[in-house]
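Architecture at a glance
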Amino acid sequence: MTGPMSAHTSAEVRERLGHPVIDSDGHLVEYLPLVGDLVAEEAGPAAAQRFDAIFDGLAAVGRIGPPARRRLGAMRPPWWAVSASSLDRATAMFPGLLRNRLDEMGVDFAFLYPTFGMAALAVPDPEFRTVAARAFNRAALEVCAGARDRVEPVAVIPAYTPSEATEALAHVAELGMKAVVLTGLVPRTISPASSGPASVYDSLGHGSTHDYDPVWRTCEQLELMPTFHSATFGFGTRASPANYMFNHVGGFAAGAEAVARSLLFGGVPVRFPALRFAFMEGGVAWAVSLRSDLIRHMELRAGEAVACYNPDRLDRQLLADCLASHGGDALRARADRLGEALGPLAQPVADGDAVDEFAESGLEGPDDVREVFTTQFFAGCEADDPLTCLAFDSRFSAGGRLGALFSSDLGHWDAPEAALLLTEAWDQVERGLLTSDQLRAITFEDPIRAWAGSGLGPFRATALEAEVQRIQGDGSKLAARSLVAIQENL
């Protein structure tokens, strides 16, 4: 929490808002005995034992202490990471109870992402990865039965290869699931000639070793928005063997930025203009920075602009004259080596290297960048995040705001009191960080734009179907409210 809490309850805030509230990123805390039994159904008892070993191993790493983890090259794993409130823990474990508490929480509809199921997106063995994903998805459906008029489980989609992802998408569509989360950062092992094996991360767009367009095409056909819940724990600077918080801070934002940047440079949003993408739990600050940085880099180096840095433009005689006049004795004594001094960072472009490094993106200028961040990219923002207001601040957007989604993170340690999550969001209105219209955007209008596009999407056959249909029937009004009227200088 970032300040004094509003005196209003979440139910009172919901009544005051007068519109549905959609939680785009709650979490199911899975009942692992059920998942393990489903693994056994999918692949036999040995697979179930292997499944149990994954979580036993995680617990073991948590018990051995920092020196042993340092020797093993292991980070400190998440600990005390789920709610210790008995009622809130039960709410995250049993979606029927969650459904009964949604009115108390001021929420009309909730998407439930996996908790332990995220591990299925990173299992190294491809066959077992598929088995684990199917078991988690089947378990989510099982426990959400009877609650799906207001609660939608999010299916895990391993995406180490395009065929793996498209097969998983087809499978969850057959199961009737209407929301998905994909592996966003895929580890690839490489073996440079000069060293041993090393890992790089494939982020599904630029530089991927595979063509993921079949995945995006399948998402489009099945009306499934690709979402990502990618963290950077365990590699780079977020691999402390002693401090979980050191690894956690900024981890989701870094993961979201990496995937979004890759999709942009890979041209995915331009090739699939009707597709929306959501990046959960990292807030919007990373997106504000990425958009601004991307626009500025394009202005300086996209298209013909980069030609102004071509070293062939240098007047070497002028440089020699300047050296003679202003270089001092130490440099004048080495004037015959001027060419050597001009070489670094000015090497010729190698065969196969692009000169316009933005060509692959298909983005033709700043307006295209703003359009992607306004209509196709959506950032998940937790209820108490004081930087959500940056999505609407025209001082940073120059004509286009960011898509943003209210996200409770229900069930995890950063959602300590389920009944107060909407109150925390309303507190930002009372503190002047957001307007009520902007809160409407992140809790209602943007979730519809993201999850449903121009149709009903996952809201079909739910308690929100009629309301979404009414809103979608007046799409121009929604666009006007969402993209223009609520953008203000703060």
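Fair warning: this is a prediction, and the values are worked out from it, not measured in the lab.

1. What to know about the sheet that holds strand β8 (residues 226-228)
Read across the open sheet, the 6 strands follow the order β4-β5-β8-β9-β10-β11; overall the sheet is parallel. Lying at the two open borders of the sheet, with one neighbouring strand each, are β4 (155-157) and β11 (403-407). Averaged over all adjacent pairs, the angle separating strand axes in this sheet is 30°, with direction ignored. Where strand β10 (residues 377-382) lies against β11, 5 bridges are found, and the strand directions are parallel.

2. Concerning helix α20 (residues 436-452)
Helix length check: α20 (17 residues) gives 23 Å between terminal C-alpha atoms against 24 Å at 1.5 Å per residue, within 8%. At I442, α20 shows its largest kink, close to 45°. Counting buried positions over the 17 residues of α20 gives 15, a clear majority of the element. In the segment just after α20, G453 is the residue with positive phi, at about 65°.

3. Some remarks on the packing of helix α1 (residues 10-17) against helix α19 (residues 421-430)
Packed helices, taken two at a time, are described by the angle between their axes plus the distance between the axes. Running from amino to carboxyl end, α1 crosses α19 at an angle of 55°, the nearest separation of the two axes being 7 Å. Here α19 runs oblique to α1, going by the angle between their axes. For the element pair α1 and α19, the recorded crossing hand is left-handed. Each of S10, V13, R14, R16 and L17 in α1 lies in contact with α19, whose residues at this interface are L421, L422, T423 and W426. Of the residues that constitute the contact of α1 with α19, the class distribution is 5 nonpolar, 2 polar and 2 charged.

4. What about the nonpolar core?
With 82 residues, the main nonpolar core has W216, F228, L263, F277, F279, W286 and F377 as its most contacted residues. Ignoring sequence-local partners within four residues, the contact set of F279 consists of F228, A256, V259, A260, L263, W286, F377, F378, A379 and G380.

5. Description of the environment of A68
Looking at the secondary structure, you find A68 in helix α4 (residues 66-72). The exposure class assigned to A68 is buried, which follows from its relative accessible area of 15%. Sequence separation between A68 and D315 is 247 residues, and the spatial gap between their C-alpha atoms is 59 Å.

6. As for the side chain of N137
With respect to the helices and strands, the residue N137 is situated in helix α7 (residues 126-144). Residue classification places N137 among the buried positions, given a relative accessible area of 4%. Within the local environment of N137, its side chain forms a polar contact with the backbone nitrogen of V156, the two atoms lying 2.8 Å apart. Once residues within four sequence positions are removed from consideration, N137 is found in contact with A155, V156, V172 and M177.

7. As for the environment of A84
Relative to the elements of secondary structure, A84 occurs in the loop between α4 and α5 (86-93). Using a relative accessible area of 77% as the deciding quantity, one classes A84 as exposed. The sequence separation of A84 and G411 amounts to 327 residues, and the corresponding C-alpha distance is 9.1 Å.

8. Observations concerning helix α3 (residues 45-63)
Along an α-helix, residues three or four positions apart point the same way, because every turn accommodates 3.6 residues. Given a rise of 1.5 Å per residue, 19 residues ought to cover 27 Å, and the 27 Å separating the end C-alpha atoms of α3 matches this to within 8%. Three or more residues of α3 are buried, namely A47, A48, F51 and F55. Viewed along the axis of α3, the buried residues span an arc of 125°, placing them on a single side of the element. Exposed and facing more than 90 degrees away from the buried side of α3 are P45, A46, Q49, D56 and R63. Looking at the buried residues of α3, the elements they touch are α2 (32-43) and α7. In the segment just after α3, G65 is the residue with positive phi, at about 85°.

9. Let's talk about the sheet that holds strand β1 (residues 22-27)
The 3 strands lie next to each other as β1-β2-β3, forming an open sheet whose pairing is parallel. The strands lining the two open edges of the sheet, one partner per strand, are β1 and β3 (151-153). On average, each strand axis in the sheet is tilted by 25° relative to the strand beside it, whichever way the strands run. Of the pairings in the sheet, the one linking β1 to strand β2 (residues 109-113) comprises 4 bridges and is parallel in character. Opposite H27, over in β2, you have Y113 as the bridge partner. Those strands touched by α20 are β1 and β2, and its axis lies near 75° from that of β1.

What counts, and at which threshold
Residues numbered from 1 in each chain as written. Predicted model: local features only at pLDDT ≥ 70, side-chain atom pairs only at ≥ 80, totals over all residues. Heavy atoms only, no water. Pairing = 2+ DSSP bridges. Helix = DSSP H or I, 4+ residues; strand = E, 2+ residues; numbered from the N terminus. Axes fitted to C-alpha atoms, helices over the stretch in contact; angles between N-to-C directions. Expected span 1.5 Å × (residues − 1). Bend = angle between axes of the 7 residues up to and from the residue. Buried < 20%, exposed > 50% of the residue type's maximum accessible area, 1.4 Å probe, protein only. Parallel < 35°, antiparallel > 145°, perpendicular 65-115°, else oblique. Left-handed = near helix turned anticlockwise from the far one by under 90°. Contact = heavy atoms within 4.5 Å. Nonpolar A, V, L, I, M, F, W, Y, C, P; charged D, E, K, R; others polar. Core = buried A, V, L, I, M, F, W, Y, C linked by side-chain atoms within 4.5 Å. Polar contact = N/O pair within 3.5 Å; in protein donor to acceptor, adjacent residues only side chain to side chain. Arc of directions from axis to C-beta.

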